[in-house]
Amino acid sequence: MQQQVAVITLGIGDLARARRFYGEGFGWTPVYEGEDILFYQMNGFVLGLWAKDALAQDMQRPVAGHGAASVALAHNVATQAEVAPLITRLVEAGGVLLRAADAPPHGGMRGYVADPDGHAWEIAWNPAWPIDAEGHVTFAL
């Protein structure tokens, strides 16, 4: 079986608030906007932001909180100098600073921001993980 992810869907409490965070913070534009869902075409997969009640109903599961300490998405940038300004922009767009940019013991630069619904995003630069022109990150040691 091919190792790939097709869609990542995040349960969202307020779609307008989420649109601001992802639009003004990351600079992303949705490829589809519905009454209770947004889709963003990413580099090789689709990111969905769906009203959490509708997502829970679709999964036939009760509405639950987010797994704040259990899941982190990552957005890698091409240079170390891009990490802190992007974190600042995300916070200005409604995100919550979880960890300011700093250099981890293993190298690189990283910080964490939660979107308005608490979904954690690591903003990272790793000199050992090249990013191609399409934004694909390669795990390299």
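See the structure shown above.
Quick notes on the rules
Counting from 1, residues in each chain are numbered in the order their sequence is written. Owing to the predicted nature of the model, reporting of local features is limited to residues with pLDDT of at least 70; listing and counting of side-chain atom pairs is limited to 80 or more, with chain, interface and lining totals taken over all residues. Values reported for side chains reflect all heavy atoms of the structure, with hydrogen atoms and water molecules removed beforehand. One side-chain nitrogen of Lys or Arg within 4 Å of one carboxyl oxygen of Asp or Glu is enough to make a salt bridge. Helix and strand assignments follow DSSP, with helices taken as H or I runs no shorter than four residues and strands as E runs no shorter than two, numbered in order from the N terminus. Exposure is judged per residue with a 1.4 Å probe applied to protein chains only, and the accessible area is read against the type maximum: over 50% gives exposed, under 20% gives buried, and values in between give partly exposed. Strands pair, by our definition, only if DSSP identifies at least two bridges between them. Throughout, an axis means a line fitted to C-alpha atoms (over the contacting stretch in the case of helices), and angles, computed between N-to-C directions, take values from 0 to 180 degrees. Residue contacts are counted whenever heavy atoms from the two residues lie within 4.5 Å of one another.

1. Things to note about the pattern of salt bridges
Line of reasoning, step 1. For the structure shown, the criterion picks out five salt bridges.
Line of reasoning, step 2. Of the charged contacts, one joins R17 and D117 as a salt bridge, the two residues approaching to 3.0 Å between their closest N and O atoms. Separated by 100 residues along the polypeptide, R17 in helix 1 (residues 15-26) and D117 in the loop between strand 7 (109-114) and strand 8 (120-125) bring together distant segments of the chain.
Line of reasoning, step 3. Since its relative accessible area comes to 9%, D117 is described here as buried.

2. Points about the sheet that holds strand 5 (residues 72-76)
Line of reasoning, step 1. Overall, mixed pairing links the four strands, which are arranged 5-8-7-6 in an open sheet. Each of the sheet's edge strands pairs with one partner strand only, and the pair in question is strand 5 and strand 6 (96-102). Across the sheet, the mean angle from the axis of one strand to that of its neighbour is 20°, orientation sign disregarded.
Line of reasoning, step 2. Judged from the four bridges that link them, strand 6 and strand 7 form a sheet pairing that is antiparallel. From the neighbouring strand, R99 faces strand 7, where its bridge partner is Y112.
Line of reasoning, step 3. Relative to the sheet, helix 1 contacts strand 5, strand 7 and strand 8, its axis offset from that of strand 8 by approximately 10°.
Line of reasoning, step 4. Contacting strand 5, strand 6, strand 7 and strand 8, helix 3 (residues 83-92) runs over the sheet at an angle of about 5° to strand 7.

3. Focus on the sheet that holds strand 1 (residues 7-12)
Line of reasoning, step 1. Within the open sheet, the four strands sit side by side as 1-4-3-2. Their pairing is mixed. Strands with a single pairing partner mark the edges of an open sheet, and in this sheet they are strand 1 and strand 2 (32-33).
Line of reasoning, step 2. As defined by bridge partners, strand 3 (residues 37-41) adjoins strand 4 (residues 46-51) across five bridges and the pair is classed as antiparallel. Bridging across to strand 4, Y40 finds its partner in L47.
Line of reasoning, step 3. The sheet strands contacting helix 2 (residues 52-59) are strand 1 and strand 4, and the helix crosses strand 4 at an angle near 100°.

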